[in-house]
Every structure is written in C-alpha cells, then in structure tokens.
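# Structural overview
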Amino acid sequence: MTWLITGGAGYIGAHVARAMSDAGERVLALDDLSAGVPARLPAHIPLFEGSAHDTGLLKQVFAEHAVTGVVHLAARKQVGESVARPAHYYEENVGGLAALLAAVAEAGIERFLFSSSAAVYGNPDVDLITEDTPCAPVNPYGETKLAGEWLVRAAGRAHGISTVCLRYFNVAGAAAPDLADLGVFNIVPMVFDRLTRAEAPRIFGDDYPTPDGTCVRDYIHVADLAEAHLAAARRLGRTDLVQAGDLTVNIGRGEGVSVRELITMIGEVTGDRRPPVVEARRPGDAPRAVASSARAAEELGWTARRGVRDMVESAWRGWQLHHGE
Ligand SMILES: NC(=O)c1ccc[n+]([C@@H]2O[C@H](COP(=O)([O-])OP(=O)(O)OC[C@H]3O[C@@H](n4cnc5c(N)ncnc54)[C@H](O)[C@@H]3O)[C@@H](O)[C@H]2O)c1
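Residues numbered from 1 in each chain as written. Predicted model: local features only at pLDDT ≥ 70, side-chain atom pairs only at ≥ 80, totals over all residues.

### Quick word on the nonpolar core
By size, the foremost hydrophobic cluster in this structure holds 98 residues, and its most contacted members are Ile5 and Val222. Of all the elements, helix 7 (residues 222-237) adds the most residues to this core, at 10 residues. Each of domain 1 (2-171 + 220-251) and domain 2 (172-217 + 253-323) gives at least three residues to this core. With residues near it in sequence (within four places) discarded, Ile5 still touches Gly13, Val16, Ala17, Val27, Leu28, Ala29, Val71 and Leu73. (Core = buried A, V, L, I, M, F, W, Y, C linked by C-beta atoms within 7 Å. Buried ≥ 20, exposed ≤ 12 C-beta atoms within 10 Å, placed from the backbone. Helix = DSSP H or I, 4+ residues; strand = E, 2+ residues; numbered from the N terminus. Domains from an automatic or database assignment. Contact = placed C-beta atoms within 7 Å.)

### Describing the packing of helix 8 (residues 259-270) against helix 10 (residues 308-323)
Axis separation between helix 8 and helix 10 bottoms out at 10 Å; the angle between their running directions is 50°. It follows from the interaxial angle that helix 8 and helix 10 lie oblique. When the axes of helix 8 and helix 10 are compared, the crossing they make is right-handed. Here Leu262, Met265, Ile266, Val269 and Thr270 of helix 8 lie close against helix 10, whose contacting residues are Val308, Arg309, Val312, Glu313 and Trp316. When grouped by side-chain class, the residues that make up the contact of helix 8 with helix 10 number seven nonpolar, one polar and two charged. (Axes fitted to C-alpha atoms, helices over the stretch in contact; angles between N-to-C directions. Parallel < 35°, antiparallel > 145°, perpendicular 65-115°, else oblique. Left-handed = near helix turned anticlockwise from the far one by under 90°. Nonpolar A, V, L, I, M, F, W, Y, C, P; charged D, E, K, R; others polar.)

### Notes on the site of the ligand
The immediate surroundings of the ligand are formed by 28 residues, with Gly7, Gly10, Gly36, Ala74 and Ala75 found nearest. The set of elements that each furnish at least two residues to the shell around the ligand consists of helix 1 (11-22), strand 2 (26-31), strand 5 (111-117) and strand 7 (170-172). Among the elements that line the shell around the ligand, the one with the most residues is helix 1, at three residues. Classifying every residue of the shell around the ligand gives 12 nonpolar, 13 polar and three charged. (Near = placed C-beta within 6 Å.)

Here you go:
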C-alpha cells in the first residue's frame, strides 16, 4: 500500500503521516501550506506542495508513486470563519473533495479515509453520542463535513472505493513539541494564550445542566487519533475487506471532562492557577458532547490510551517551544 495524506503538513496530518510511516506504511504527503509546516514531516516522507483539489497534480502523483489509498485531512476548519464565509467553506470542503474523489476514481484507487468531525452531530441531547445519533450540524463547517461524508459514501458505492469516515471529537496534545497545534482555535491553546498574556481563562457559561454547570467535552490525544488512522488504514488495506463498503466511526475516549475541570488541570500543569472568569454562553455550544467509542473498538480494534493530563502536558511543551518560554 502507498498512502497519500492530504493536509499532511498540518497538525493532525503530520501526526498521521509519522504514525503510519513508523508502522511501516509507505506514505506521501500533499499540502498547499496554507496552514501546514513542512518541518513537521521527517525527510523520508515526500511532501508535494499544492492543492488537494488540483486534479492535474493529483493525477501525476497518483501515477508516479502508484498510490493505492488516500487519507484526506486537508480542509478549512474554523467554525466562526465558516459562518462568515459559508460559500468558501462549501467550495473548499465539498467542492474540493468532489474534485479529489473524481481523481481517485479515475486513478482506480480503492481506499479512501475521510477526516470528519463530531460537528456533524450538532447538539444532540444524549449521554453518549453513537454513530446512529441523528446528524444535525449547527454551523456551515459541520454541514460541509456531513455533506463530505455523503459524497465520500456515494463515490465509494459508484466507483467501488472502500471508505472510512472518522468523526473526531476534541483533539488536543502533541506526540512531540515540534508537532504541536499552532492555531488558537481549540480550548487548550486558547487557555494557554490567555495565560501567556497574563489574562484569566474564560468560561462561556456556567449554568448548563451539567455537574459543575460548564460544558462537557470528550478530549482525544492527537497521538491516539493518529493510531486510529493507522488502524483504519490497515482495515482498508485488508484484501478480504476490499469492496466492503463504508464505515463511519467516532474517535473519542467516551469520557466527559468539563471546561472547568480542564482549566483547573491546565493551571496545575502550567503553574498558573489564576481563576477563570465566567462570561455569557456562546450561541450553539452543546452542554455535553461525549462519544460512544464502542464501534471504534469493535470495528478498528482501537481504543484511546492517553489521558487528558497527557494531552495538556504535551500541548504545554509544544506551546513553550513555539512561544519561547
Ligand atoms: N483539530 C481538531 O480538533 C479537528 C476536529 C475534528 C476534525 N478535524 C479535521 O481534521 C483535519 C485536519 O485538521 P488540523 O487540526 O490538522 O488542521 P490544520 O489546519 O493544521 O491542517 C490542515 C492542513 O491542510 C492543509 N490544506 C488546507 N486546504 C488544503 C488544500 N486545498 N490542499 C492541500 N492542503 C490543504 C493546510 O495547509 C494544513 O496543513 C481537517 O479536515 C479538520 O476539519 C480537526
């Protein structure tokens, strides 16, 4: 098998590329470097600079490197930006995916793994979200991920491509400091950013129907997430399962951690225990979003191994590396 990883120089993509390569898979990365960092990839993983929607480039890479599977992570991923620029998000995350899938089908590639998100569920009122929980995204980003899943499955059926859609919950941590998330869009880097500016972390709403009143989320270490991709790729690579259709799987730990608990832990790890300030609820935040991880265990033989403290500690080492402290 030779896997092309789109978005391979990104935060999650570089973890996936390294994990798959370390496990003996042949791996190539493609990234337009709009948010990617080439130095995240070791020298032995070739990086093609360009768009995952550039069918000419894809055709060339697929043919010259005998690519047999694609792991598609390249996407726009900021919820707020998706609300402000919905057409751009649909164009990139759905239109671009359509071009990629057409190239995959034309090249006769039979395995496709798609980065989806818990954002496809919206705000379901359930204790544990299973893959059968109805999808009702509440922002254009989540909509593009859901539409992307539909497109991936339809293309799989039409062209005989076996597909896996992985619905990631809240990704955090770093396998090594140089692989850390450089964006300040998720809660862990957002809190680090506040502390670095000597400002109190913010909690948006503490009157939710949860044990401490703050929102509860399911955090997954990016190194565990990378191992889930390897497990999914190996499943797709099994010849007895080729043409086996599609699989959609939650990737989470199945354990809820409240925003207040997480901020307390960040205080312990960083040594900066300034108390958080409570502000108004943000529209669209679900009180609780925790995955059922049963299907991942059953279908992929994968379960998360790393805890939330490991995520915070490793993310903090990465933050310190990139912010010179
Ligand atoms: N980070 C999370 O918490 C999270 C949660 C759920 C799902 N996801 C999904 O995981 C994937 C990766 O996210 P990430 O956090 O690593 O983000 P990231 O921005 O670090 O990585 C995305 C990579 O894709 C590249 N890219 C974007 N558009 C491209 C294009 N058209 N052609 C080629 N490369 C392109 C960027 O340069 C970047 O390197 C995305 O699909 C995202 O929606 C992320």
